[in-house]
Amino acid sequence: MRRWGETVRRDRRYRTRPGAYAVLWRQGRVLLTFQAEPRPEVQLPGGGADPGEGLLAALHREVREETGWTLGAARRIGAYRRFAFMPEYDLWAEKVCHLFLARPALRLGEPREAGHAAFWAAPGAALEMLANPAERDALRRLLPRL
(Lines give C-alpha, C1' and ligand atoms only; values in the text may rest on other atoms or scores of the structure.)
Protein backbone atom coordinates (compact mmCIF):
# COMPACT_ATOMS: atom_id res chain seq x y z
CA MET A 1 0.00 0.00 0.00
CA ARG A 2 1.43 3.35 -1.01
CA ARG A 3 2.31 5.81 1.75
CA TRP A 4 1.66 9.56 1.62
CA GLY A 5 1.94 12.42 4.08
CA GLU A 6 4.41 13.38 6.73
CA THR A 7 7.56 11.37 7.39
CA VAL A 8 7.01 8.75 10.07
CA ARG A 9 8.64 9.85 13.30
CA ARG A 10 10.09 7.26 15.64
CA ASP A 11 9.37 9.46 18.67
CA ARG A 12 5.59 9.44 17.97
CA ARG A 13 3.00 6.82 18.72
CA TYR A 14 0.51 6.57 15.85
CA ARG A 15 -3.03 5.29 16.19
CA THR A 16 -4.43 3.44 13.18
CA ARG A 17 -7.51 5.20 11.85
CA PRO A 18 -9.35 3.52 8.95
CA GLY A 19 -11.44 5.71 6.70
CA ALA A 20 -13.46 5.71 3.49
CA TYR A 21 -13.41 8.37 0.77
CA ALA A 22 -15.44 8.68 -2.43
CA VAL A 23 -14.90 9.81 -5.97
CA LEU A 24 -18.49 10.75 -6.81
CA TRP A 25 -18.75 11.03 -10.60
CA ARG A 26 -21.72 12.40 -12.53
CA GLN A 27 -22.02 13.81 -16.05
CA GLY A 28 -18.29 14.48 -16.39
CA ARG A 29 -17.92 16.19 -13.00
CA VAL A 30 -16.75 15.15 -9.56
CA LEU A 31 -18.45 16.12 -6.28
CA LEU A 32 -16.02 17.70 -3.84
CA THR A 33 -16.29 19.16 -0.37
CA PHE A 34 -14.73 22.31 1.02
CA GLN A 35 -13.79 21.95 4.69
CA ALA A 36 -13.15 25.20 6.58
CA GLU A 37 -11.54 23.74 9.74
CA PRO A 38 -8.96 22.88 11.02
CA ARG A 39 -7.52 24.45 7.85
CA PRO A 40 -9.43 25.45 4.73
CA GLU A 41 -9.10 22.84 1.99
CA VAL A 42 -10.91 21.00 -0.78
CA GLN A 43 -11.25 17.24 -0.34
CA LEU A 44 -12.93 14.14 -1.62
CA PRO A 45 -15.92 13.48 0.64
CA GLY A 46 -15.27 10.93 3.34
CA GLY A 47 -13.59 10.40 6.64
CA GLY A 48 -12.74 8.10 9.47
CA ALA A 49 -14.83 5.12 10.48
CA ASP A 50 -16.25 5.28 13.99
CA PRO A 51 -15.43 2.39 16.36
CA GLY A 52 -17.39 -0.68 15.26
CA GLU A 53 -18.51 0.97 11.99
CA GLY A 54 -17.77 -0.73 8.68
CA LEU A 55 -16.13 1.10 5.81
CA LEU A 56 -19.24 1.25 3.62
CA ALA A 57 -21.37 2.51 6.50
CA ALA A 58 -18.73 5.16 7.23
CA LEU A 59 -18.63 6.13 3.55
CA HIS A 60 -22.42 6.61 3.39
CA ARG A 61 -22.47 8.59 6.64
CA GLU A 62 -19.53 10.83 5.76
CA VAL A 63 -20.77 11.60 2.23
CA ARG A 64 -24.21 12.52 3.62
CA GLU A 65 -22.70 14.70 6.37
CA GLU A 66 -20.22 16.50 4.11
CA THR A 67 -22.23 16.88 0.90
CA GLY A 68 -25.94 16.32 1.58
CA TRP A 69 -25.99 13.53 -1.02
CA THR A 70 -26.73 9.82 -0.75
CA LEU A 71 -24.67 7.47 -2.87
CA GLY A 72 -25.10 4.21 -4.71
CA ALA A 73 -23.08 1.57 -6.52
CA ALA A 74 -19.94 2.10 -4.43
CA ARG A 75 -16.97 -0.06 -5.34
CA ARG A 76 -13.54 -0.03 -3.78
CA ILE A 77 -10.82 1.19 -6.15
CA GLY A 78 -7.78 1.33 -3.90
CA ALA A 79 -6.21 2.38 -0.63
CA TYR A 80 -3.27 4.32 0.73
CA ARG A 81 -1.67 5.10 4.09
CA ARG A 82 -1.07 8.58 5.37
CA PHE A 83 0.77 9.53 8.54
CA ALA A 84 -0.42 12.85 9.94
CA PHE A 85 -1.23 14.86 13.02
CA MET A 86 -4.97 15.40 13.39
CA PRO A 87 -5.36 18.59 15.46
CA GLU A 88 -9.13 18.20 15.80
CA TYR A 89 -8.50 14.97 17.76
CA ASP A 90 -5.06 15.86 19.19
CA LEU A 91 -3.89 12.61 17.62
CA TRP A 92 -0.97 11.31 15.59
CA ALA A 93 -2.62 8.92 13.15
CA GLU A 94 -1.74 6.29 10.61
CA LYS A 95 -4.72 6.87 8.37
CA VAL A 96 -5.59 3.86 6.23
CA CYS A 97 -7.68 5.49 3.52
CA HIS A 98 -9.92 3.28 1.39
CA LEU A 99 -11.05 4.88 -1.88
CA PHE A 100 -14.37 4.14 -3.55
CA LEU A 101 -15.90 5.09 -6.87
CA ALA A 102 -19.61 5.76 -6.40
CA ARG A 103 -22.61 7.30 -8.05
CA PRO A 104 -24.27 10.24 -6.32
CA ALA A 105 -27.87 9.09 -5.96
CA LEU A 106 -30.06 11.71 -4.29
CA ARG A 107 -29.44 15.18 -2.91
CA LEU A 108 -31.22 15.38 0.45
CA GLY A 109 -30.16 18.91 1.30
CA GLU A 110 -27.21 20.95 2.50
CA PRO A 111 -24.25 19.31 4.25
CA ARG A 112 -25.00 18.49 7.90
CA GLU A 113 -21.42 18.95 9.04
CA ALA A 114 -20.58 22.50 10.06
CA GLY A 115 -17.96 24.22 7.95
CA HIS A 116 -18.53 22.04 4.87
CA ALA A 117 -19.80 23.05 1.45
CA ALA A 118 -20.27 20.65 -1.47
CA PHE A 119 -19.72 21.59 -5.10
CA TRP A 120 -19.24 20.01 -8.52
CA ALA A 121 -15.98 20.46 -10.41
CA ALA A 122 -14.63 19.54 -13.81
CA PRO A 123 -11.84 16.95 -13.58
CA GLY A 124 -8.99 19.38 -14.35
CA ALA A 125 -10.22 21.89 -11.79
CA ALA A 126 -10.66 19.12 -9.21
CA LEU A 127 -7.07 17.99 -9.71
CA GLU A 128 -5.87 21.54 -9.08
CA MET A 129 -8.04 22.13 -6.02
CA LEU A 130 -7.63 18.89 -4.05
CA ALA A 131 -5.32 19.57 -1.11
CA ASN A 132 -4.33 15.95 -0.50
CA PRO A 133 -1.70 14.68 -2.98
CA ALA A 134 -2.92 11.10 -2.55
CA GLU A 135 -6.44 12.11 -3.57
CA ARG A 136 -5.07 14.02 -6.59
CA ASP A 137 -3.04 10.98 -7.62
CA ALA A 138 -6.02 8.62 -7.25
CA LEU A 139 -8.29 10.90 -9.29
CA ARG A 140 -5.61 11.41 -11.97
CA ARG A 141 -5.22 7.62 -12.33
CA LEU A 142 -8.98 7.04 -12.38
CA LEU A 143 -9.95 9.67 -14.98
CA PRO A 144 -8.93 7.68 -18.09
CA ARG A 145 -11.29 4.89 -17.00
CA LEU A 146 -14.34 7.11 -16.47
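Residues numbered from 1 in each chain as written. Predicted model: local features only at pLDDT ≥ 70, side-chain atom pairs only at ≥ 80, totals over all residues. Heavy atoms only, no water.

This part takes up the overall build of the protein chain. The secondary structure content of the protein chain amounts to three helices and eight strands. Reading the helices (α) and strands (β) of the protein chain from amino to carboxyl end gives β-β-β-β-β-α-β-β-β-α-α. In terms of overall dimensions, the protein chain is globule-like: its C-alpha atoms have a radius of gyration of 15 Å, near the 15 Å expected for 146 residues. By principal-axis analysis of the C-alpha atoms, the protein chain measures approximately 45 × 30 × 25 Å. Put simply, the protein chain has 146 residues, and 45% of those count as buried. Summing over all exposed atoms, the protein chain offers an accessible surface of approximately 7900 Å²; the carbon and sulfur share of this is 49%. Charge-centre separation for the protein chain: the mean point of 25 positive side chains lies 7 Å from the mean point of 17 negative side chains. (Helix = DSSP H or I, 4+ residues; strand = E, 2+ residues; numbered from the N terminus. Rg over C-alpha atoms; globule rule 2.2 N^0.38 Å. Buried < 20%, exposed > 50% of the residue type's maximum accessible area, 1.4 Å probe, protein only. Areas by Shrake-Rupley, 256 points an atom, 1.4 Å probe, with all protein chains shown as cover. Lys, Arg positive; Asp, Glu negative; His and termini not counted. Charge placed at Lys NZ, Arg CZ, Asp CG, Glu CD.)

The next point concerns the confidence of the model for the protein chain. Averaged over the protein chain, the pLDDT score is 95; the fraction of residues at 70 or greater is 100%. Of all helices and strands in the protein chain, the one with the weakest mean pLDDT is strand β1 (residues 2-5) (89), whereas helix α1 (residues 55-67) scores best (98). (pLDDT = per-residue confidence, 0-100.)

What follows covers the layout of surface pockets. A volume near 750 Å³ is recorded for the largest pocket. Where the lining of the largest pocket is concerned, the elements lending two or more residues are β2 (15-26), β4 (41-43), β5 (46-48), α1 and β6 (69-86). Of the residues forming the lining of the largest pocket, the biggest block, six residues, is contributed by β6. For the lining of the largest pocket, the residue count by class is 13 nonpolar, nine polar and 15 charged. The volume enclosed by the second largest pocket comes to roughly 210 Å³. As for the second largest pocket, its lining consists of 13 residues, and the residues nearest its centre are I77, G78, L99, A138 and R141. Per-element tally for the lining of the second largest pocket: the top contributor is helix α3 (residues 133-142), with five residues. Class assignment of the residues belonging to the lining of the second largest pocket gives a composition of eight nonpolar, one polar and four charged. (1 Å grid on protein atoms, 1.4 Å probe; cavity = no way out; pocket = protein on both sides within 12 Å on 5 of 7 lines; lining within 4 Å. Points joined across faces, edges and corners; volume = space filled by probe spheres on them. Nonpolar A, V, L, I, M, F, W, Y, C, P; charged D, E, K, R; others polar.)

Right, let's get into α3. Of the residues making up α3, those classed as buried are A134, E135, D137, A138, L139 and L142. Looking at the buried side of α3, the elements it contacts are β1, β2, β4, β6, β7 (91-107) and α2 (123-129). Where α3 starts, the residue carrying a side-chain oxygen 2.7 Å from the main-chain nitrogen of A134 turns out to be N132. (Contact = heavy atoms within 4.5 Å. Polar contact = N/O pair within 3.5 Å; in protein donor to acceptor, adjacent residues only side chain to side chain.)

What follows is about the environment of W69. You can see W69 is positioned in strand β6. Assessed through its relative accessible area of 9%, W69 is described here as buried. C-alpha of W69 to C-alpha of E110: the two residues are 41 residues apart in sequence and 8.3 Å apart in space. Setting aside residues no more than four positions away along its own chain, W69 makes contact with R26, L31, V63, R64, P104, A105, L106, R107 and W120.

To continue, consider the packing of aromatic side chains. Tallying each qualifying case throughout the model produces four aromatic pairs. With centroids separated by 5.2 Å and ring planes inclined at 85 degrees, the aromatic side chains of Y14 and F83 adopt a geometry described as edge-to-face. Here Y14, found in the loop between β1 and β2, pairs with F83, found in strand β6; they are 69 residues apart in sequence, far enough to count as distant. Ring centres of W69 and W120 lie 5.6 Å apart, and the angle between their planes is 90 degrees; this geometry places the pair in the edge-to-face category. With a gap of 51 residues between them, W69 in strand β6 and W120 in strand β8 (residues 116-121) connect regions that are remote in the sequence. Residue classification places W120 among the partly exposed residues on the basis of a relative accessible area of 29%. Among the aromatic side chains, those forming a connected cluster through ring pairs are Y14, F83, F85 and W92. Residue placement shows R17 over the ring face of Y89; its charged tip is 4.8 Å from the ring centre. (Phe/Tyr/Trp six-rings, centres within 6.5 Å; stacked < 30°, edge-to-face > 60°. Lys NZ or Arg CZ within 6 Å of the ring centre and 35° of its normal.)

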